[in-house]
Amino acid sequence: MDIMQTVDLALTLLMALCFGYQVFYLFVPFWRRAPERRAAERAHRFAVLICARNEEGVIGQLIESIRQQDYPGELVEIFVAADNCTDHTAAVARAAGAHVWVRRDASRVGKGWALDFLLRRMEAAGYGPQFDAYLVFDADNLLRPDYLRQINRAFCEGHEVITSYRAAKNFGDSWVSAGCALWFLRGADFLNRARMLLGTGSILSGTGFLVSRAVLRRFGGWPCHLLTEDSEFTARLVLEGIPVAYCREAVFYDEQPVRLSVSWRQRLRWAKGSLQVLRRYGPALLGRFLRTRQFACFDLLMSITPAAVPLAAGLAVRAAAGAAVLLSGGALPPLSLTPVTLVPALAPALALGALLTFTHWQELGGTAGKKLGYLLTFPLFLATFVPISAQALVCRVEWTPIAHTCARSVRELCARTSCQTGQ
């Protein structure tokens, strides 16, 4: 075996060691079942937190879906941070019955700053001590009618931070929204669900999560202001030994970008934010893993490492090996790039897309033709993560709002997911 073959084999084994366990996660839900949930001991008081920027078209629907929960309405209050809005978001939210504070701060932008602002305003107004926990949503979300009842049951089991099941509002709108929808299904049903079944910590993903008041008091409020405040908060929780639980039965719906340019900008922010979290918390996570063998530390490290980082490292090592071969008078093997050589790369992506599509067939909505067509475009969607994360390595990225316009009803969405409940 020559030096280039040895390097390629070593890199393959290293990648398998670092990321191969996520393939194992895909099989866990098929052979390991969650224990039966016990009945809720009591109904807790929840504050729903919504950070909204120019969301007048969708925020009313979210608030309505919260008001229509099969949960005691007197135990739920809704608080909105109208963050640097130039539309009627604040007026729409007030008319729907939410408590609203308007935030004007062009220098500190992003959801983390808005959450911090909202929580501080609530504490100053005396609302904080009234609630047992906070629920965080984006303005474009919609809640299934039993969401609060289900997450309350999980909260009664002693979990202090809980993430929930994200379903797409608009899978069939384009190949991009379909790709995003399948990607989030993977994160919910085949990563976080597997983590919960195996007893390791889950990972927060932007929206649709619960955090107890006790945890936020421990942190002195909302402590995270990087581009991906969800990953940063997860890192802080892991380092503090606070596991994130996952409640599959608590279902909410989320609008996905339809155009590639919008999705690219969104995922570029995620990749840059992951790099920020990796730089700030990576050494501490690695150190804690080496000291305690806490798998959640390793899992989070691998999850926040953008695709371009191991790819760039692998290319650099391979280039160094190639240079060594040339300097010693050897010859490099020819590069062969044909449809046949691409099959090993495409097959896993297609297999993953097929698994996600066929296990959630009815829930996705749309025609059979669209579902099969978007299954074929899923590898292309996954491939875009590589240039996006490469761009994040060299470009400055700032938080920018994404317009939400999808106005589907909860009734329509629930009709698709009813048979999926309790999988």
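In this text, all values refer to a predicted model and were calculated from it rather than measured experimentally.

Draft legend 1. A look at the overall build of the protein chain. A count of helices and strands for the protein chain gives 17 helices and 8 strands. Taken across its 423 residues, the protein chain has 51% of its residues classed as buried. As displayed, the protein chain has an accessible area near 18,800 Å², and 61% of this comes from carbon and sulfur atoms.

Draft legend 2. How the structure looks around the pairing of strand β7 (residues 209-212). Taking every second residue as pointing to the same face, both faces of β7 are buried, with Phe-209 and Val-211 on one and Leu-210 and Ser-212 on the other. Here 4 bridges tie strand β4 (residues 133-138) to β7, and the two strands are oriented antiparallel to one another. When the bridges of β7 are listed, Leu-135 appears paired with Leu-210. The pairing of strand β6 (residues 161-168) with β7 spans 3 bridges and is classified as antiparallel. Residue pairing across strands places Val-161 opposite Val-211, the latter belonging to β7.

Draft legend 3. View of the environment of Ala-214. Of note, Ala-214 is situated in helix α8 (residues 213-219). Remark: the alpha-carbon pair of Ala-214 and Ala-133, spanning 81 residues in sequence, is separated by 7.9 Å.

Draft legend 4. Structural detail: the pattern of salt bridges. Counted by the stated rule, this structure contains 16 salt bridges. Between Arg-103 and Asp-83 there is a salt bridge; the shortest N-O distance is 2.7 Å. Taken together, the positions of Arg-103 in strand β3 (residues 99-103) and Asp-83 in strand β2 (residues 76-83) put the pair 20 residues apart, joining distant regions of the chain. The exposure class assigned to Arg-103 is buried, which follows from its relative accessible area of 4%. Take Asp-83: its relative accessible area is 3%, and that puts it in the buried class. Two residues, Arg-103 and Asp-105, come together in a salt bridge whose shortest N-O distance is 3.7 Å. It is possible to trace a salt-bridge network through shared partners that takes in Asp-83, Arg-103, Asp-105 and Arg-108.

Draft legend 5. Spotlight on the nonpolar core. Residues Ile-50, Leu-135 and Tyr-147 are the most contacted members of the largest nonpolar core, which totals 36 residues. When contributions to this core are tallied by element, the ones reaching two or more residues are β1 (46-52), α3 (59-67), β2, α4 (89-95), β4, α6 (147-156) and β8 (245-254). If you tally residues by element for this core, the top one is α6, at 5 residues. Non-local contacts of Leu-135, meaning those with residues more than four positions away in its chain, are made with Phe-46, Ala-47, Val-48, Leu-49, Tyr-147, Leu-148, Ile-151, Phe-209 and Leu-210.

Draft legend 6. Inspection of a nonpolar patch on the surface at higher detail. A cluster of nonpolar residues, Val-23, Phe-24, Phe-27, Trp-31 and Leu-198, forms a patch on the protein surface that exposes about 510 Å² of accessible area. The element that contributes the greatest number of residues to the nonpolar patch is helix α2 (residues 21-31), accounting for 4 residues. Mapped onto the elements of the fold, Leu-198 is located in helix α7 (residues 175-198).

Draft legend 7. Region of interest: unusual backbone geometry. A positive phi is found at Asn-84, a non-glycine position, where the angle reads about 55°. As for its position among the elements, Asn-84 is in the loop between β2 and α4. The residue Arg-293 is not glycine, and still its phi comes out positive at about 60°. Checked against the element boundaries, Arg-293 lands in the loop between α10 (260-292) and α11 (295-303).

Draft legend 8. Fine view of the side chain of Arg-267. Here Arg-267 shows up in helix α10. Asp-254 provides the closest opposite charge to the buried, salt-bridge-free Arg-267, at an N-O distance of 12 Å. Look past the residues within four positions of Arg-267 in its chain and what remains in contact with it is Leu-260, Phe-381, Thr-384, Phe-385 and Ile-388.

Draft legend 9. Quick look at the packing of aromatic side chains. Going through the model one piece at a time under the given rule, you end up with 25 aromatic pairs. With a centroid separation of 5.8 Å and 75° between ring planes, the pair formed by Phe-184 and Trp-270 is classed as edge-to-face. Of this pair, Phe-184 sits in helix α7 while Trp-270 sits in helix α10, placing them 86 residues apart in sequence. Residue Phe-184 is classed as buried on the basis of its relative accessible area of 12%. Judged by relative accessible area, which is 22%, Trp-270 ranks as partly exposed.

Draft legend 10. Spatial organisation of α3. By the burial criterion, the buried members of α3 are Ile-59, Leu-62, Ile-63, Ser-65 and Ile-66. For α3, the angular spread of the buried residues around the axis is 160°, confining them to a single face.

Draft legend 11. Looking closely at the sheet that holds β7. Here 8 strands make up an open sheet; going across it, the order is β3-β2-β1-β4-β7-β6-β8-β5 and the pairing mixed. A strand with exactly one partner marks an edge of an open sheet, and here the two such strands are β3 and β5 (142-143). The strands that helix α5 (residues 111-124) touches are β1, β2, β3 and β4; relative to β1, the one it contacts most, it runs at about 135°.

Draft legend 12. Fine view of the packing of α2 against α7. Between α2 and α7, the least distance of the axes is 8 Å, while the angle of their chain directions is 75°. Between α2 and α7, the angle is such that the two are roughly perpendicular. Contacts from Gln-22, Phe-24, Tyr-25, Leu-26, Val-28, Pro-29, Phe-30 and Trp-31 in α2 reach Arg-186, Asp-189, Phe-190, Leu-191, Arg-193, Ala-194, Arg-195, Leu-197 and Leu-198 in α7. Taken together, the residues that form the contact of α2 with α7 break down as 12 nonpolar, 1 polar and 4 charged.

Reading the values: rules and limits
Residues numbered from 1 in each chain as written. Predicted model: local features only at pLDDT ≥ 70, side-chain atom pairs only at ≥ 80, totals over all residues. Heavy atoms only, no water. Helix = DSSP H or I, 4+ residues; strand = E, 2+ residues; numbered from the N terminus. Buried < 20%, exposed > 50% of the residue type's maximum accessible area, 1.4 Å probe, protein only. Areas by Shrake-Rupley, 256 points an atom, 1.4 Å probe, with all protein chains shown as cover. Pairing = 2+ DSSP bridges. Salt bridge = Lys/Arg side-chain N within 4 Å of Asp/Glu carboxyl O. Core = buried A, V, L, I, M, F, W, Y, C linked by side-chain atoms within 4.5 Å. Contact = heavy atoms within 4.5 Å. Patch = residues over 30% accessible without salt bridge, like charges linked within 9 Å, V, L, I, M, F, W, Y side chains within 5 Å. Lys, Arg positive; Asp, Glu negative; His and termini not counted. Phe/Tyr/Trp six-rings, centres within 6.5 Å; stacked < 30°, edge-to-face > 60°. Arc of directions from axis to C-beta. Axes fitted to C-alpha atoms, helices over the stretch in contact; angles between N-to-C directions. Parallel < 35°, antiparallel > 145°, perpendicular 65-115°, else oblique. Nonpolar A, V, L, I, M, F, W, Y, C, P; charged D, E, K, R; others polar.

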